[in-house]
Amino acid sequence: MPNTKRRRLVTSVVAVALGATALAACGSSDDDSGAESGPVSLTYWTWTPGMDKVVDLWNKGQGKKDQISVTVKKQASGDTLVTKILTAHKAGKAPDLVQAEYQALPTLVSNDALADIAKNVGDAKGKFADGVWQQTTLGTDAVYAVPQDIGPMMFYYRADLFKKYGLTVPTTWEQFAETARALKKKSPGTDLTTFSANDSGLFAGLAQQAGAKWWTTSGDKWQVGINDAATKKVADFWGGLVKEGAIDNQPMYTPAWNKALNTGKQIAWVSAVWAPGTLTTAAPDTKGKWAMAPLPQWSAGENVTGSWGGSSTGVTTDSQHKEAAAKFAAWLNTDSEALQALAKEGGIYPAATNAQTSGAFTTPPDYFSNQADFYTKAAEIAKTTAPSAWGPNVNVAYTTFNDAFGSAAKNKSDFSAALDKMQDDTVADLKKQGFEVSE
């Protein structure tokens, strides 16, 4: 099995993020070459709230016309769903369609669980930013899913308290550090922000913005660059701020973190486009006092952001109706009516660029009613999303991050050592699984 896994990744085209798989051997391009005829019933595994209402639009409209009906089966998200998909696939019983986070795609592809639907959805490419579309192609000519929602990263800050303390919104990370120090001098009990080690996606997004490529391929081998120069720069930057006490070192999403945001003890948050929803719950008393700006840059004049979160819709290799499933996946994530319904019912920020400034996104989130151009600015930032480079064992890297960086943040110790631990554990796991790794 391990050697088979390795071959699946390298027997075809080698790409930036992934050696393309031998999906053709699974019959994904042969069993539905002709047009579908007769009624088709598809099953879709997803965790998005309200997805059944969105699918109803399809079933009563385009789906009825094309005789393609879709049934939603609610699932858990994250690694739990990935494991369930792979288990079902091993038994040849995976659903027709699955929702998958971008970082999970290489794992699903390397296990032959996702079909190449390029011939069915390739013309949808122009509806997405290049960095977003790339996440579903894994750098190959194949297309393994259609982007659904994204999480471009941004900088959130208390506009009233920045004014009170005489602070300027930082446009570079150097300015960010200076702002944190200046705040500490003016109000020792106040923190600009915190470094949190309980959500690895934030750190991954920051590394992505800096140009990191955590997983790439060379010939028939994987290369792991989690401790590359770009990521070390990010780790050393945040580790330095924590060590000197310029920022807090407590995790996010705790009662203490909520209180810090709500009382003004913490006055900024590096987050993503979905932050208004979190702030609404975490800091209800500060509604209308926050503002959003682009993420600080590593060099003045740059314009790039990372991504924190987001998912796609893929068609499994087990589906007996791949063409029909791909048609639904494309409709779900590019049709204007579907996208507005997804925004309304599921609270998502669409990956399709045409939907980011229309319908539900013509007015700002209620929490940010003071910033009329919130979504206009968000759409501009989303276009600058840097390409990603995911691999087949993101879960291992993320687990090690939580442990190693959690300890480093708590003890204010060397973040570089924690990063090396991530690198070592990820490489060791790839080898254990039977993948060949280039040292």
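What counts, and where the lines are drawn
- Residues numbered from 1 in each chain as written.
- Predicted model: local features only at pLDDT ≥ 70, side-chain atom pairs only at ≥ 80, totals over all residues.
- Heavy atoms only, no water.
- Helix = DSSP H or I, 4+ residues; strand = E, 2+ residues; numbered from the N terminus.
- Buried < 20%, exposed > 50% of the residue type's maximum accessible area, 1.4 Å probe, protein only.
- Contact = heavy atoms within 4.5 Å.
- Areas by Shrake-Rupley, 256 points an atom, 1.4 Å probe, with all protein chains shown as cover.
- Lys, Arg positive; Asp, Glu negative; His and termini not counted.
- Charge placed at Lys NZ, Arg CZ, Asp CG, Glu CD.
- Polar contact = N/O pair within 3.5 Å; in protein donor to acceptor, adjacent residues only side chain to side chain.
- Core = buried A, V, L, I, M, F, W, Y, C linked by side-chain atoms within 4.5 Å.
- Salt bridge = Lys/Arg side-chain N within 4 Å of Asp/Glu carboxyl O.
- Phe/Tyr/Trp six-rings, centres within 6.5 Å; stacked < 30°, edge-to-face > 60°.
- Lys NZ or Arg CZ within 6 Å of the ring centre and 35° of its normal.
- Pairing = 2+ DSSP bridges.

Draft legend 1. Here's a closer look at the overall build of the protein. Scanning the protein from N- to C-terminus turns up 18 helices and nine strands. Out of the 439 residues belonging to the protein, those deemed buried represent 57%. Contacts spanning at least 24 positions in sequence make up 75% of the contacts within the protein whose residues lie at least 6 apart. Taken as a whole, the protein presents about 17,300 Å² of accessible surface, with 49% of it coming from carbon and sulfur. Of the side-chain charges in the protein, 42 are positive and 44 negative, and the distance between the mean point of each set is 5 Å.

Draft legend 2. Structural view of the environment of Asp-66. Tracing the backbone through its elements, the reader meets Asp-66 in helix α3 (residues 62-66). In sequence terms Asp-66 and His-321 are 255 residues apart; their C-alpha atoms lie 13 Å from each other. Setting aside anything within four residues of it in sequence, one finds Asp-66 in contact with Trp-58 and Lys-327. A polar atom in the side chain of Asp-66 sits 2.7 Å from the side chain of Gln-62.

Draft legend 3. Local environment of the nonpolar core. Core analysis: the largest hydrophobic core is formed by 143 residues, its most contacted members being Phe-195, Trp-214, Trp-215, Trp-238, Val-270 and Phe-405. Not counting residues within four places of it along the chain, the set of residues in contact with Trp-214 comprises Phe-203, Ala-204, Ala-207, Gln-223, Val-224, Gly-225, Ile-226, Thr-231, Ala-389, Tyr-398 and Met-422.

Draft legend 4. Quick peek at the environment of Asp-373. Residue placement: Asp-373 occurs in the loop between α15 (336-346) and α16 (374-382). On a C-alpha basis, the gap between Asp-373 and Ile-85 in space is 40 Å, while along the polypeptide they are 288 residues apart.

Draft legend 5. Local environment of the pattern of salt bridges. Inspection of the entire model under this criterion finds nine salt bridges. In this structure, Lys-327 and Asp-66 form a salt bridge, with 2.9 Å as the shortest nitrogen-oxygen distance. In this pair, Lys-327 sits in helix α14 (residues 322-334) while Asp-66 sits in helix α3, placing the two residues 261 residues apart along the sequence. Exposure remark for Lys-327: the relative accessible area of 40% places this residue in the partly exposed category. Linking Asp-191 and Lys-184 is a salt bridge whose minimum nitrogen-to-oxygen distance equals 2.9 Å. Members of the salt-bridge network, linked through shared partners, are Lys-184, Asp-191 and Lys-265.

Draft legend 6. Just the packing of aromatic side chains, in detail. Tallied over the full model, the rule gives 40 aromatic pairs. Geometrically, the ring pair formed by Phe-155 and Phe-176 is edge-to-face, given 6.0 Å between the ring centres and 75° between the ring planes. In this pair, Phe-155 sits in strand β4 (residues 146-158) while Phe-176 sits in helix α9 (residues 173-186), placing the two residues 21 residues apart along the sequence. You'll find Phe-155 and Phe-176 in the same group, each marked buried. Its guanidinium or amino end placed over the ring of Trp-45, Lys-84 lies 5.1 Å from that ring's centre, counting from NZ or CZ.

Draft legend 7. Spatial organisation of the side chain of Ser-187. Note that Ser-187 resides in the loop between α9 and α10 (200-209). Residue classification places Ser-187 among the buried residues on the basis of a relative accessible area of 14%. Within the structure, the side chain of Ser-187 is placed 2.6 Å from the side chain of Thr-190, a separation counted as a polar contact.

Draft legend 8. Geometry of the pairing of strand β1 (residues 40-46). Summarising burial for β1: five of the seven residues are buried, a large majority. Here β1 pairs with strand β2 (residues 68-74) via seven bridges, running parallel. Considered in β2, the bridge of Leu-42 is made with Val-70. Where β1 meets strand β3 (residues 97-101), two bridges bridge the pair, whose relative direction is parallel. Its bridge partner being in β3, Trp-45 is matched across the sheet by Val-98.

Note that all results are geometric; they support no functional claim without further evidence.
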